[in-house]
Amino acid sequence: QKVRGNIERIFDYAIDLEFREDNPTPPPHSMPVAQRQVRHFASMPHERAGALWTWLHDRPRMSIQTRVGLSLALLLGKRTGEIRHMEWTEIDFEHGIWSTPADKMKKRKAHRQPLSIQALQLLREVEAVTGQGRYVLGNAQDNPMSENVMLYGIKRFDNVTVHGLRASLGSWMEESGVRKPVADFVKAHQPKYLDAAYQRSDLLEERREVLQRWADY
């Protein structure tokens, strides 16, 4: 469709310059309809979350940054890039909140995520290693963790992806009766324009209760 549109514009230009009198480009309705199959990130049933958690914390040869990164992805449902680029200045230990600035979010809108007791414990643990640097999961040079590190790490558990853990949390919230606006804010989904005009709260405390239930689960 894009190629057809480009060709059409070229011939329209040629007609304007009087190089020719007609546009031979086929009309849009004559083009074949593309058959697209949507492929989702490989995820796992939420019933296996406990098994993944146990596996992560029984891996003595896995670096603490990788273990904490994957554990936070499981606990919080945040996107991989947001976790890898998490900075210590974004963490409020006193109030248990991780505030991701807009420029790190997919929708370019700042997002606050409440932190469960388990998430805070993980952050305190890794703070002893990277707390003097900029990035929570920074390497020895204080650079953000590579995306492949987390991907290859979880592949040792099963054929799932880090992003797919968001789906695991999402299915658990749906089966647990979590209200859709709350679930949307947990996963930082942009609310519909009309809803956003009236929904000014980000339901932080309700999300805190949901994510604590998920962490306990």
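One can find the structure itself at the top, above this paragraph.
Note that the structure is predicted; figures quoted are calculated from it, not measured.

**Student:** Honestly, the nonpolar core in this entry has me stumped. Any pointers?
**Tutor:** Note that soluble globular proteins tend to have their nonpolar side chains buried in a common cluster. Formed by 46 residues in total, the largest nonpolar core has its most connected members in M44, L52, L72, L76, I91, V136 and M173. Elements supplying a minimum of two residues to this core: α2 (49-56), α3 (64-76), α5 (117-130), α6 (147-155), α7 (164-175), α8 (180-186) and α10 (204-216). With 8 residues, the top contributor of residues to this core is α3. L52 has contacts with M44, L74, I154, F157 and L165, leaving out every residue within four places of it along the chain.

**Student:** Hey, could you run me through the side chain of H111 in this one?
**Tutor:** With respect to the secondary-structure elements, H111 resides in strand β3 (residues 111-114). H111 sits in the buried class, given a relative accessible area of 6%. Here H111 is in contact with K78, W98, S99, T100, M105, F185, V186, A188 and R207, once residues within four sequence places are set aside.

**Student:** Would you explain α10 in this entry?
**Tutor:** In an α-helix, one turn spans 3.6 residues; hence positions three or four apart end up facing the same way. In this model, α10 (13 residues) spans 18 Å end to end at C-alpha, consistent with the 18 Å of a helix rising 1.5 Å per residue. Within α10, the full set of buried residues consists of L204, R207, V210, L211, Q212, W214 and A215.

**Student:** I'm lost on unusual backbone geometry in this one. Help?
**Tutor:** Unusually for a residue other than glycine, E18 sits at a positive phi of about 65°. Position of E18 relative to the elements: it lies in the loop between α1 (2-16) and α2. Exposure remark for E18: the relative accessible area of 70% places this residue in the exposed category. Despite not being glycine, D142 shows a phi value in the positive range, around 60°. Mapped onto the elements, D142 comes out in the loop between α5 and α6.

**Student:** In this structure, what is going on with the pattern of salt bridges? I would like to understand it.
**Tutor:** Think of it this way: side chains of opposite charge can pair up when their charged atoms draw near. Under the counting rule described, the total for this entry stands at 16 salt bridges. The residue K78 makes a salt bridge to E82 at a minimum N-O spacing of 3.4 Å. According to the relative accessible area criterion, K78 is buried, its value standing at 2%. Judged by relative accessible area, E82 falls into the buried class, the value being 3%. Notably, a salt bridge pairs D202 with R207, separated by 3.5 Å at the nearest N-O pair. R207 matches D202 in its accessibility class, with the two residues each being buried. It is possible to trace a salt-bridge network through shared partners that takes in E87, E90, K104 and R134.

**Student:** When you look at the packing of α3 against α10 in this model, what are you seeing that I'm missing?
**Tutor:** Running from N to C, α3 and α10 point in directions that differ by 125°, and their axes come no closer than 9 Å. The orientation of α3 relative to α10 falls into the category oblique. From α3, L74, L75 and L76 reach across to α10, where they touch L211, W214 and A215. Of the residues that constitute the contact of α3 with α10, the class distribution is 6 nonpolar, no polar and no charged.

**Student:** Whenever I open this one, the pairing of strand β2 (residues 97-100) confuses me. Can you help?
**Tutor:** Remark: a regular strand shows side chains that alternate across the two faces of the sheet. Across 2 bridges, strand β1 (residues 91-92) lies against β2 in antiparallel orientation. For I91, the partnering residue across the bridge sits in β2 and is W98. Taking the residues between adjacent antiparallel strands as the criterion, β1 and β2 are bridged by 4 residues, where G96 takes a positive phi near 65°. Sheet topology places β2 next to β3; 4 bridges connect them, and they run antiparallel. Looking at the pairing, S99 lines up with R112 of β3.

Thresholds applied
Residues numbered from 1 in each chain as written. Predicted model: local features only at pLDDT ≥ 70, side-chain atom pairs only at ≥ 80, totals over all residues. Heavy atoms only, no water. Core = buried A, V, L, I, M, F, W, Y, C linked by side-chain atoms within 4.5 Å. Buried < 20%, exposed > 50% of the residue type's maximum accessible area, 1.4 Å probe, protein only. Helix = DSSP H or I, 4+ residues; strand = E, 2+ residues; numbered from the N terminus. Contact = heavy atoms within 4.5 Å. Expected span 1.5 Å × (residues − 1). Salt bridge = Lys/Arg side-chain N within 4 Å of Asp/Glu carboxyl O. Axes fitted to C-alpha atoms, helices over the stretch in contact; angles between N-to-C directions. Parallel < 35°, antiparallel > 145°, perpendicular 65-115°, else oblique. Nonpolar A, V, L, I, M, F, W, Y, C, P; charged D, E, K, R; others polar. Pairing = 2+ DSSP bridges.

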